[in-house]
Amino acid sequence: MFFVDTIEIEGLGNRHYLAGGARAAVSVDPPRDIDQVIAAAARRGVRITHVVETHIHNDYVTGGLELARVTGAAYLVPAAAKVSFARVPVSDGDVIEVDQKLSVRALATPGHTPHHTAYVLEDSGTPVAAFTGGSLLIGTVGRPDLVEPRLTEQLARAQHASAHRLAAELPDDTSVLPTHGFGSFCSSGQAEGDASTIGREKTVNAALAQDVGSFVADLLADLEDVPAYYAHMGPANSAGPDPVDLTAPRRADAEEIATRLAAGEWVVDLRNRVAFAQGHVAGSFNFEADGKIATYLAWMIPWGKPVTLLAETPQQLAEAQRELVRVGIDRPAAAATGGPSAWLRPGDAPASFRRAVFADLAAELSQTEELPVVLDVRRDSERVDGYIEGSVHIPVHALHQRIDEVPAGEVWVHCAGGMRAGIAASLLDAAGRDVVAVDDGFDQAADAGLTVRTAA
């Protein structure tokens, strides 16, 4: 008998796996906070004997090197990956014995990266699952443009060939277990469903339904912007990441918070967007702890700039720290818990801004002679499907650098659901703009009476 346990990192849209038998297990693409993997092995009563990487990751800092060091496991990395640490190089066809009658077989699947390798879990020689990393995902494939722009088309073609190799060599009932594709920007498209098999992918995955020319053309046409912090993940993983430090940061009082803001550092309020709009430290930014804090904060903050975290509770602070170390934001400069009353100096008043829904915006546009600015902070692909007539478009991840492009006047900012609008509203508020955060689903815009156009 064998088992496969999934460790899901919802914020980054990734999954990591522990697979094994009665005594031993292999960890696949482990997250940086390795305590989760160690706990999973302890629950199973198994020893982690192998740690494998499908590729050098571009979207998160791996915990593989540290997990191998702590457990004494062999650390397997594709042979063609250039790294600065000792590891066991893996080549196509290599078989690694994990437990009695249980093994993993390396299968070269270039495309997401040139050295990408999938691992087929075999029980008594029969394939039962494929750890496909960033190659064949659920309903889509990993994007091929994260390594080098000049290689993108070549890697897209390789991605097509790799998907077909997996489909040809594995039985239809083989489970497909990718690392990316559950909201990760490493995915070239939205994953369809929560679980899949090789057989299902043959019926739903474009890589297996289209000829290579059509597939490559469609794949390259649909690629989104690459999160800025991705540029730092590959080098960190190639060099060998340091162990994480999740101890509580040094506590800052109201005076220090004000000093750090005055110095141009980032002070990030982790509370929900409703509480932030009602009252916050002027100049602070709102990245909700329950949102995609790691993705959007790492995407937008100038790399290496000190960050101070403001949280409602120590637990909220600790969870945010855990999220951030996964993308290389290792240690907050300082932190504080509580609320604005504890974070403001005596005599300082909290800042605030209005919240609204699309019906409020429609009423404002129909009644006001001086029309407000409507700012859409969704991604390009979202705007193509529909946008409010006359709205200005700056994706939230670009707003910090392009805030001077927002026209003068009151700004009503919206996204698809409210979370990104909350981030954008906090940036505009910190810049001294009069802002209203539209906290509503975009599917309500037309019903509210707003004119919604689609791109030609």
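Each chain carries its own residue numbering, running from 1 in the written order of its sequence. Local features in this predicted model are restricted to residues of pLDDT 70 or higher, and side-chain atom pairs are both shown and tallied only at a pLDDT of 80 or more, whereas totals for entire chains, interfaces and linings draw on every residue. Calculated side-chain values reflect all of the structure's heavy atoms, with hydrogen atoms and water omitted.

(A) Structural detail: helix α10 (residues 293-300). Among the eight residues that make up α10, eight are buried, leaving the element largely enclosed by the rest of the structure. Two residues form a contact once any of their heavy atoms are found within 4.5 Å. Helix numbering and strand numbering both begin at the N terminus, where a helix is a DSSP run of H or I of at least 4 residues and a strand a DSSP run of E of at least 2. Contacts made by the buried residues of α10 are with β13 (266-269), α11 (314-325), α15 (396-402) and α16 (419-430). When accessible area is computed with a 1.4 Å probe and restricted to protein chains, residues below 20% of their type maximum are described as buried, those above 50% as exposed, and intermediate ones as partly exposed.

(B) Inspection of helix α3 (residues 152-169) at higher detail. The end-to-end C-alpha distance of α3 is 25 Å, a good match for the 26 Å that 18 residues give at a rise of 1.5 Å each. Every buried residue of α3 is listed here: Thr-152, Leu-155, Ala-156, Ala-158, Gln-159, His-160, Ser-162, Ala-163, Leu-166 and Ala-167. For α3, the secondary structure elements touched by its buried residues are β8 (102-108), β9 (117-123), β10 (126-133), α4 (198-204), α5 (206-209) and α6 (212-221). Helices are assigned an expected span. That span is 1.5 Å times one less than the residue count.

(C) Quick peek at the sheet that holds β8. Read from one edge of the open sheet, six strands run β7-β8-β9-β10-β11-β12, paired in mixed fashion. Each edge of the sheet is formed by a strand with only one pairing partner; in this case those strands are β7 (95-99) and β12 (196-197). Two strands pair if DSSP finds at least two bridges between them. With five bridges joining them, β9 and β10 adopt antiparallel strand pairing. Following the sheet pairing, Tyr-119 is matched in β10 by Phe-131. Every axis in this analysis is a line fitted to C-alpha atoms, fitted for helices over the stretch in contact. Angles between the N-to-C directions lie between 0 and 180 degrees. Its contacts with the sheet put α3 on β8, β9 and β10, and the angle it makes with β8 is roughly 145 degrees.

(D) Inspection of the pairing of strand β5 (residues 74-78) at higher detail. Summarising burial for β5: four of the five residues are buried, a large majority. Think of it like this: strands point away, you trace from the first strand over the helix to the second, and a clockwise trace means the crossover is right-handed. The β-α-β motif built from strand β4 (residues 47-52), the intervening helix α2 (residues 64-71) and the parallel element β5 has right-handed crossover chirality. With three bridges connecting them, β5 and strand β6 (residues 88-90) associate as parallel partners. When the sheet's bridge partners are listed, Pro-78 is paired in β6 with Val-90.

(E) Main features of the pattern of salt bridges. Definition used for salt bridges: Asp or Glu carboxyl oxygen within 4 Å of a side-chain nitrogen of Lys or Arg. Under the criterion given, the structure shown has 34 salt bridges. A salt bridge links Glu-153 to Arg-157; the nearest nitrogen and oxygen atoms lie 3.5 Å apart. Placement of the pair is Glu-153 and Arg-157 together in helix α3, with a separation of four residues, close to one helical turn. Of the charged contacts in the structure, one is a salt bridge between Asp-245 and Arg-331, with a shortest N-O distance of 3.7 Å. With Asp-245 in the loop between α7 (230-239) and α8 (254-262) and Arg-331 in the loop between α11 and β16 (334-337), this residue pair connects regions lying 86 residues apart in the sequence. Classification of Asp-245 by relative accessible area gives partly exposed; the value is 35%. One network of salt bridges, in which partners are shared, links Asp-33, Asp-35, Arg-322, Glu-323 and Arg-326.

(F) Examining the packing of α3 against α6 more closely. α6 packs onto α3 with a crossing angle of 125 degrees between their chain directions and a minimal axis gap of 9 Å. Judged by the inter-axis angle, α3 sits oblique to α6. Helix-helix and strand crossings are classified by hand; for α3 and α6 the assignment is right-handed. Contact with α3, carried on its side by Thr-152, Glu-153, Ala-156, Arg-157 and His-160, involves Val-212, Phe-215, Val-216, Leu-219 and Leu-220 of α6 and no other residues of that element. Split into classes, the residues belonging to the contact of α3 with α6 amount to six nonpolar, two polar and two charged. Roughly parallel covers angles under 35 degrees, roughly antiparallel covers those over 145, roughly perpendicular covers 65 to 115, and oblique covers all other angles. With the far helix as reference, a near helix turned anticlockwise by less than a right angle produces a left-handed crossing, and one turned clockwise produces a right-handed crossing. Gly is placed with the polar residues, together with every amino acid not listed as nonpolar (Ala, Val, Leu, Ile, Met, Phe, Trp, Tyr, Cys and Pro) or charged (Asp, Glu, Lys and Arg).

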